[in-house]
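Given next are the chains, with one letter for each unit.
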Amino acid sequence: MPIYRRVTLSRVLQISAIMLLIFLVICVVSLALGSVHIGFIEVLKSLVNSFTGESSLSSQEELIIFSVRLPRVIFAGIVGASLSLGGVVFQAILRNPLADPYILGISGGSALGAIIGIVIGAGSFYLGIPLLAFVGALATVFLVFVMAGGSRGPLLDNSLLLSGVVVNAFFSAAILFFLSIVNSMELHSITFWLMGDLSGASAKEIFVAASCLLAGFVLLYAQARKLNLIVQGEDTAQQLGVNVERTKQWLLVVTSLIISVAVSLAGIIGFVGIMVPHLMRLIFGSDHRLLLPVSALFGASFLILADTIARVVLAPAELPVGVITALCGAPYFIFLLKRKAY
Amino acid sequence: MSIISAENINFSYAAKPVMDDVSFSVDEARMVAVIGPNGSGKTTLLKIINGTLFPNTGRMLIDDKETSRWSRKEIARKVAIVPQETAVTFPFYAEEIVLMGRFPHLNNYHFEDKKDYKTVHEAMEKTDTLAFADRRFSELSAGERQRVLIARALAQEPKILLLDESTVFLDLKHQAQFLALLRQLNTAQQLTVMFVTHDINLAAQNADRIILLYSGKIYAIGKPAEVITAANIKEVYDVDVLVDQNPQNGLPRVTLLT
C-alpha cells in the first residue's frame, strides 16, 4: 500500500521528470531494436551528433533511425499519451474506472467516421479524415451518455459497460459493411486500422497530432482540480464550486478531439486508456494534477514499448500494435473486474 | 438581518411537486433544525439553499442575492453542505478529501499553499480526523468518513453550514463532540447552521429554531417549544408521543408511545 504524500507543484514536477526520463530511455531502446539491430550507444551517439552535425554511423543506419524508427516512435508516443489522457478523463467524468475510449466505443465511432471518410474520398481534403473521426467520436460520446441514462441519471457500472458493448457491436457491423463494399486497395488500409497501425503517419500528420495533444493537455490540465471534485460525485462537485455541466461538456469536447486525432491516424488501439490510468492511480494516487502528466508520459512509454514488441517479435514481419495491447489489456481488464477494487 | 430567505418557493422533480409555496427566513448565526417525515422535502430544501437546485417559481436569497445570480464558486464560499453519503470510486486520501474544501478559494492552476493546509489541519483537528489524515477515504468507517466530510465543509470556511443527517453514523461521543463544535462555531464565528434530522429530540435540544416540513409545505416554524407539540407530531408523523420538558434546560422532550 503506497503511503500518502501531498501533491505539490514540486512533487508533480519531480515525478514528471522521472517519468520523462523513463520515456526517453524507452525511446532509445525502441530506436535500437528492430529487424536491423543498432547498438544503444550508437543510437545515443547519432542522436547527439544530429545536433552537432557530425556522423558516426553508416548512412543506411542513420536512415533507419531518423527516417523509419524515429517518426514511428514519436507517433506511438503521441497516440499512447492521447489514449491514456482520454482514459483518465472518461473514467473521471463517468466515475467508472473501467471506462476508456475503446471500451465505451468512442474509438470505434471515431474509426467509423474515418472509414466513411476513406470510402467517400474525404482524404483528398486537408484534415478531412480526422475531422470526420472527430464527428464520429463526439457522436459516440453523446450516444453512450444517452444510453447510460443521460447526464442526469446515475451512471451505473453495468449500464455503461453494456452500452459500450452495444455501441461497439454496432460500429463493428457498420465497419464490416464498409469493408465488404470497398475495393481491395482501400481494404488494406482499413483492415490495418482495425488493430492499430503506427507505421503510416507522415511528418505533417505527426505534427498535427502533436499540436492537438499539447493543446489538449494544457486545456485538460487547467481542469485537473475540477476533475478531482467531479469524481466525488456531481452533487458534491457542484456544491464545492464547480459548474459541472459546463465543465463536463468542455472536457468531453477536448478529450474527443485528442482521441479522434489519434484514432484517425493510428486506428483502433485498445486497452491503453484503461491500463495506464489505473496503474498510475495505484502508484501515485488519484489527484489529477499528478495523474494527468504521469499518465500521458507513461502511456507514451507503454505504447512505444508495445509497438517495439510488435515490430520485433516476428521480425521482419510486423504485428499490428493493437494485438499486443489487447493481449496484455484484456487479462488486466478481467482482473480488475474480478477484483472489484479499482 | 436574515442571511437565508425563501420567498414563495415552488419546486418539482418532473411532475412531482416537492416544495409547495415555501417561505421562511433565517437570521445570521442561528441554529436551525429541519424535521419532517420521509419525502417531505428536507434534502431538496437544502439543495435549493445551496443553489444546486433552483426553485421553479419564487426566490431563494442568500445575503439578499438570488442563488441563481451567484457563480458556483461564490456560493461555495458562503454555503457548505455535508451530504448524507458520498460514493467512493477512486482512491483518495482523507486529507485530500478535506483539501477539496479549499477549491472555491483557489483558481484553477493554483496549488494549495501553507495557509490552505493550515485551514485543513484546523478543520481536521476540530473533527478529530487528524489521526487518519493519511489513510484512504474508502477504508474508513462510515462515522469516520462522515467526520472527514464535515472537515471538508469546515475547510470551505462558509458562513452557512448545511447538514443532511450528518450525525446518523456518529457514535455517542462523536455526536456530542460534533454538536459542541457546531454550537461553538455558531456562537464564536457567527456560523449559521441548518441541519436536517430525523431525531426530534436532537433538534429540540440543539436548535434555536425548528422548521417542520410536511409534504413540501412548512407545517410549523418557530422555537422548539412552539413546534414540538404532541398535536403537531401526531398530525405530521401520525404517531402518538408524549412531549414533556427536559428537567435540565426546560426544552421539549419527546417520547414515543407505543
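Residues numbered from 1 in each chain as written. Chains lettered and ligands numbered in written order. Predicted model: local features only at pLDDT ≥ 70, side-chain atom pairs only at ≥ 80, totals over all residues. Heavy atoms only, no water.

A. View of the overall build of chain B. Tallying secondary structure elements over chain B gives nine helices and 12 strands in all. For 258 residues, the compact-globule formula gives about 18 Å, and the C-alpha radius of gyration of chain B, at 19 Å, lands near that figure. With the C-alpha coordinates of chain B rotated into their principal frame, the extents come out at 55 × 40 × 35 Å. Residue burial in chain B is summarised as follows: out of 258 residues, 54% are buried. Within chain B, contacts between residues at least 6 apart in sequence are counted, and of these 64% link residues at least 24 apart. Accessible surface, chain B: about 11,100 Å² in total, of which carbon and sulfur atoms supply 50%. One way to put it: in chain B the 29 positive side-chain charges average out to a point 3 Å from where the 32 negative ones average out. (Helix = DSSP H or I, 4+ residues; strand = E, 2+ residues; numbered from the N terminus. Rg over C-alpha atoms; globule rule 2.2 N^0.38 Å. Buried < 20%, exposed > 50% of the residue type's maximum accessible area, 1.4 Å probe, protein only. Contact = heavy atoms within 4.5 Å. Areas by Shrake-Rupley, 256 points an atom, 1.4 Å probe, with all protein chains shown as cover. Lys, Arg positive; Asp, Glu negative; His and termini not counted. Charge placed at Lys NZ, Arg CZ, Asp CG, Glu CD.)

B. Fine view of the packing of helix 8 (residues 203-221) of chain A against helix 13 (residues 288-312) of chain A. Residues and elements named next belong to chain A. For the pair helix 8 and helix 13, the least separation of the axes is 10 Å and the interaxial angle reads 165°. In terms of orientation, helix 8 and helix 13 fall into the roughly antiparallel class. Regarding helix 8 and helix 13, the two cross each other, and that crossing is right-handed. Every residue of helix 13 that contacts helix 8 at Phe-217, Leu-220 and Tyr-221 is listed here: His-288, Arg-289, Leu-292 and Pro-293. (Axes fitted to C-alpha atoms, helices over the stretch in contact; angles between N-to-C directions. Parallel < 35°, antiparallel > 145°, perpendicular 65-115°, else oblique. Left-handed = near helix turned anticlockwise from the far one by under 90°.)

C. Here's a closer look at the confidence of the model for chain B. Per-residue confidence for chain B averages 91 on the pLDDT scale, and 100% of its residues sit at or above 70. Interface confidence for the predicted complex, expressed as ipTM, amounts to 0.88; the pTM equals 0.88. (pLDDT = per-residue confidence, 0-100.)

D. Region of interest: the pattern of salt bridges. With the rule as written, the count across this model stands at 23 salt bridges over all chains. A salt bridge links Glu95(B) to Arg6(A), with the nearest nitrogen and oxygen atoms 2.7 Å apart. With one member in each of two chains, Glu95(B) in helix 3 (residues 94-99) and Arg6(A) in the segment before helix 1 (9-32) form a pair that bridges those chains. Assessed through its relative accessible area of 7%, Glu95(B) is described here as buried. In the salt-bridge network here, residues are joined through shared partners; they are Arg95(A), Glu234(A), Glu245(A) and Lys248(A). (Salt bridge = Lys/Arg side-chain N within 4 Å of Asp/Glu carboxyl O.)

E. Summary view of the interface of chain B and chain A. Listed per partner, the contact involves 38 residues of chain B and 37 residues of chain A. Interface of chain B and chain A: buried area, both sides summed, is about 3,300 Å²; carbon and sulfur atoms make up 57% of it. On the chain B side of the contact with chain A, Phe90(B), Phe103(B) and Phe111(B) bury the most area, a combined 23% of that side's loss. At the junction of chain B with chain A, the criterion picks out four salt bridges. With a closest N to O distance of 3.1 Å, Arg289(A) and Glu112(B) form a salt bridge. Taken together, the connections running from chain B to chain A amount to eight residue pairs in polar contact (both at pLDDT 80 or more). Looking at the side of chain B that touches chain A, the elements with two or more residues in it are helix 2 (72-78), strand 6 (79-82) and helix 3 of chain B. For the side of chain B that touches chain A, the residue count by class is 18 nonpolar, nine polar and 11 charged. (Buried area = accessible area lost by both parts, 1.4 Å probe. Polar contact = N/O pair within 3.5 Å; in protein donor to acceptor, adjacent residues only side chain to side chain. Nonpolar A, V, L, I, M, F, W, Y, C, P; charged D, E, K, R; others polar.)

F. Spatial organisation of the sheet that holds strand 3 (residues 31-35) of chain B. Residue and element names in this part refer to chain B. Within the open sheet, the six strands sit side by side as 6-7-8-3-9-10. Their pairing is mixed. Pairing within the sheet leaves two strands with one partner each, and these edge strands are strand 6 and strand 10 (217-222). Strand-to-strand twist across the sheet, computed as the mean angle between neighbouring axes with direction ignored, equals 15°. As paired strands, strand 7 (residues 160-164) and strand 8 (residues 192-196) are joined by five bridges and run parallel to one another. Bridge pairing links Leu-161 to Val-193 in strand 8. Of the strands in this sheet, strand 3, strand 9 (209-214) and strand 10 touch helix 9 (residues 230-237), which is tilted by about 35° from strand 9. (Pairing = 2+ DSSP bridges.)

G. Structural detail: a nonpolar patch on the surface. Residues and elements named next belong to chain A. There is a patch of nonpolar side chains on the surface, built from Leu-143, Met-147, Val-165 and Val-166 and spanning about 330 Å² of accessible area. If you trace the backbone, Val-166 turns up in helix 6 (residues 157-181). On the basis of relative accessible area, Val-166 is assigned to the partly exposed category, the value being 48%. (Patch = residues over 30% accessible without salt bridge, like charges linked within 9 Å, V, L, I, M, F, W, Y side chains within 5 Å.)

H. Region of interest: the side chain of Thr140(A). All names here are of chain A. Checked against the element boundaries, Thr-140 lands in helix 5 (residues 128-147). What makes Thr-140 buried here is its relative accessible area of 0%. In contact with Thr-140, other than residues within four places in its own chain, are Leu-104, Gly-105, Ile-106, Gly-109, Val-167 and Phe-171.

I. Quick look at unusual backbone geometry. A positive phi angle, close to 55°, is found at Glu165(B), a residue other than glycine. As for its placement among the helices and strands, Glu165(B) is situated in the loop between strand 7 and helix 6 (172-188).

J. Layout of the sheet that holds strand 2 (residues 16-27) of chain B. Residue and element names in this part refer to chain B. Strand order in the open sheet formed by four strands is 2-1-4-5, with antiparallel pairing between adjacent strands. A strand with exactly one partner marks an edge of an open sheet, and here the two such strands are strand 2 and strand 5 (65-66). Here strand 1 (residues 2-13) runs beside strand 2; their pairing, made up of eight bridges, is antiparallel. Within strand 2, the residue paired with Ile-4 across the bridge is Val-26. Of the strands in this sheet, strand 1, strand 2 and strand 4 (57-62) touch helix 1 (residues 42-49), which is tilted by about 60° from strand 2.

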